[in-house]
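# Architecture at a glance
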Amino acid sequence: MARTAYVTDLRSLQGECSANYLRLTRLLGDLGEGEALELELSGKRGRFGTLWLSVLEQAPYTTIARVSQSGLMDAVIEPPRMRVHLYHDVRMAEVTDFQRERHFNGRYRYPNVRMFQPDEKLQLNRFLGEWLAHGLEHGHPTRVTELPG
């Protein structure tokens with residue numbers, strides 16, 4: 001049985017990036033460059049972490065944001081964090097950095113040295129979408145702060 005090469009699913013990737021743009025702009029609101037929003041995540045069983053949204057850079061056509069979370073397991077595992085570029089002219093948001101890994105390709109040969117999945121870029125953007133949807137559903141804004149200098 002012959003294996004076929006993975007083909008990047010551009011339609012799904014663009015759909016995820018468009019949906020993530022809407023989610024992020026809804027969460028960020030009118031946050032400006034150098035500001036961060038803290039969202040307490042809670043549900044029926046109480047508080048289960050904090051989602052942090054920060055605007056690192058802002059320009060007329062792009063915004064660079066950081067999405068991170070702190071919670072109960074921070075001492076055991078590294079908390080998740082992403083850098084996301086929002087492209088306002090096309091209304092898309094794309095993950096460009098995850099846990100200090102940068103610039104993901106549309107597809108990877110598998111296996112590879114870093115053990116990226118063939119559709120790593122799509123999976124990261126889907127994860128961002130699920131993460132933001134979770135924040136929209138369970139997040140309660142507690143404060144807006146200035147990022148340290």
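All of these numbers come straight from a predicted model, not from anything done at the bench.

As a further point, take the overall build of the protein. The helix and strand inventory of the protein stands at 2 helices and 7 strands. Listing every helix and strand of the protein by position from the N terminus yields α-β-β-β-β-β-β-α-β. Looking at the 149 residues of the protein, the share that counts as buried comes to 38%. The contacts in the protein between residues at least 6 apart in sequence include a share of 52% that link residues at least 24 apart. As displayed, the protein has an accessible area near 9,500 Å², and 52% of this comes from carbon and sulfur atoms.

The next thing to look at is the side chain of Ser 68. Mapped onto the elements of the fold, Ser 68 is located in strand E3 (residues 62-70). Overall, Ser 68 belongs to the buried group, its relative accessible area being 16%. Filtering out sequence-adjacent residues up to four positions away, Ser 68 remains in contact with Thr 50, Leu 51, Trp 52, Pro 80, Arg 81 and Trp 131.

Let's shift gears to the nonpolar core. If you look at the biggest cluster of nonpolar residues, it comprises 22 residues, and the most contacted ones within it are Leu 24, Leu 28, Leu 53, Val 67, Val 84, Leu 86 and Leu 128. Going through the elements one at a time, helix H1 (10-28), strand E1 (35-43), strand E2 (46-58), E3, strand E4 (81-87), strand E5 (92-98) and helix H2 (120-138) are the ones with two or more residues in this core. Residue contacts for Leu 128: discarding those within four places in its chain leaves Asn 20, Val 67, Met 82, Val 84 and Val 95.

Pairing is possible between side chains that carry opposite charge, provided their charged atoms lie close to one another. Using the criterion set out here, one finds 4 salt bridges in the structure. In this structure, Arg 47 and Glu 40 form a salt bridge, with 2.2 Å as the shortest nitrogen-oxygen distance. Residue classification places Glu 40 among the buried residues on the basis of a relative accessible area of 15%. Taking the shortest distance from any N to any O, the salt bridge between Glu 94 and Lys 121 comes out at 2.8 Å. With Glu 94 in strand E5 and Lys 121 in helix H2, the pair connects residues that are 27 residues apart, well separated along the chain. The pair Glu 94 / Lys 121 is uniform in exposure class, with both members buried.

Reading the values: the criteria
- Residues numbered from 1 in each chain as written.
- Predicted model: local features only at pLDDT ≥ 70, side-chain atom pairs only at ≥ 80, totals over all residues.
- Heavy atoms only, no water.
- Helix = DSSP H or I, 4+ residues; strand = E, 2+ residues; numbered from the N terminus.
- Buried < 20%, exposed > 50% of the residue type's maximum accessible area, 1.4 Å probe, protein only.
- Contact = heavy atoms within 4.5 Å.
- Areas by Shrake-Rupley, 256 points an atom, 1.4 Å probe, with all protein chains shown as cover.
- Core = buried A, V, L, I, M, F, W, Y, C linked by side-chain atoms within 4.5 Å.
- Salt bridge = Lys/Arg side-chain N within 4 Å of Asp/Glu carboxyl O.

That is the geometry; function is a separate question.
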